Amino acid sequence: QVQLVDSGGGLVQPGGSLRLSCAASGSIRSIYTMGWYRQAPGKQRELVAAITSNGSTNYAGSVKGRFTISRDNAKNTVYLQMNSLKTAEAGVYYCNGDGVVPIAGGRGHYWGQGTPVTAAA
């Protein structure tokens, strides 16, 4: 059974940094895209950053230059380094795996349980 477990959220002052991690577990053959989404209270979940298995990245315009997404394909792990965090970027950050191919076959889309991020003085 495939699971995504994300971690690393917490409280940080505006302008501070956090590093999120997400590890996919289970018998996995490959994962095409891994990414991070943010959901603020009362708002829809939105893409923050994503990275494909060959290293192509996609960022929300508001985080370009401050956030960096990376992954370790051998460990099925994705990271999000967040610098110069803004108060408005608080919310629950969810890890996402798209095009997940288990060894048993099939192809699926999975979410982590979410890790909260708060940027406040």
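1. Focus on the environment of Phe67
Reasoning step 1: For Phe67, the location among the structural elements is in strand β7 (residues 67–72).
Reasoning step 2: Residues Phe67 and Ser17, spaced 50 residues apart in sequence, show a C-alpha to C-alpha distance of 9.4 Å.

2. Here we look at the nonpolar core
Reasoning step 1: Among the nonpolar cores identified, the biggest contains 27 residues, and Trp36, Leu80, Met82 and Tyr93 are the most heavily contacted of them.
Reasoning step 2: Residues contacting Leu80, with those up to four places away along its chain left out, are Leu18, Arg19, Leu20, Trp36, Val48, Ala49, Phe67, Thr68, Ile69 and Tyr93.

3. Some words on the environment of Val48
Reasoning step 1: Within the secondary structure layout, Val48 lies in strand β5 (residues 46–52).
Reasoning step 2: Residue Val48 is classed as buried on the basis of its relative accessible area of 0%.
Reasoning step 3: Distance in space between the C-alpha atoms of Val48 and Phe67 is 8.8 Å, their sequence separation being 19 residues.
Reasoning step 4: Every residue in contact with Val48, bar those within four places of it in the chain, is listed here: Trp36, Tyr37, Arg38, Asn58, Tyr59, Ala60, Val63, Phe67, Leu80 and Tyr93.

4. With respect to the packing of aromatic side chains
Reasoning step 1: Per the counting criterion, the structure on display carries 2 aromatic pairs.
Reasoning step 2: With 5.0 Å between their ring centres and 70 degrees between their planes, Tyr37 and Trp111 make a pair best called edge-to-face. One end of the pair, Tyr37, is in strand β4 (residues 28–39); the other, Trp111, is in strand β10 (residues 108–111), and 74 residues separate them in sequence.
Reasoning step 3: For Tyr37, a relative accessible area of 22% translates into the label partly exposed.
Reasoning step 4: Overall, the relative accessible area of 34% leaves Trp111 in the partly exposed class.
Reasoning step 5: Taken together, the ring pairs in this structure connect Tyr37, Tyr94 and Trp111 into an aromatic cluster.
Reasoning step 6: We note Arg45 situated over the ring of Tyr94; from NZ or CZ to the ring centre the distance is 3.6 Å.
Reasoning step 7: Just above the ring of Trp111 sits the side chain of Arg45; from NZ or CZ to the centre is 4.6 Å.

5. Brief notes about unusual backbone geometry
Peptide bonds are mostly trans, and most non-glycine residues show a negative phi.
Reasoning step 1: Positive phi values are uncommon outside glycine, yet Asn76 reaches one of about 50 degrees.
Reasoning step 2: Even without being a glycine, Ser84 presents a positive backbone phi close to 50 degrees.
Reasoning step 3: By the secondary structure assignment, Ser84 is in the loop between β8 (77–82) and β9 (91–102).
Reasoning step 4: When its relative accessible area of 38% is taken as the criterion, Ser84 is described as partly exposed.

Analysis parameters
- Residues numbered from 1 in each chain as written.
- Predicted model: local features only at pLDDT ≥ 70, side-chain atom pairs only at ≥ 80, totals over all residues.
- Heavy atoms only, no water.
- Helix = DSSP H or I, 4+ residues; strand = E, 2+ residues; numbered from the N terminus.
- Core = buried A, V, L, I, M, F, W, Y, C linked by side-chain atoms within 4.5 Å.
- Buried < 20%, exposed > 50% of the residue type's maximum accessible area, 1.4 Å probe, protein only.
- Contact = heavy atoms within 4.5 Å.
- Phe/Tyr/Trp six-rings, centres within 6.5 Å; stacked < 30°, edge-to-face > 60°.
- Lys NZ or Arg CZ within 6 Å of the ring centre and 35° of its normal.

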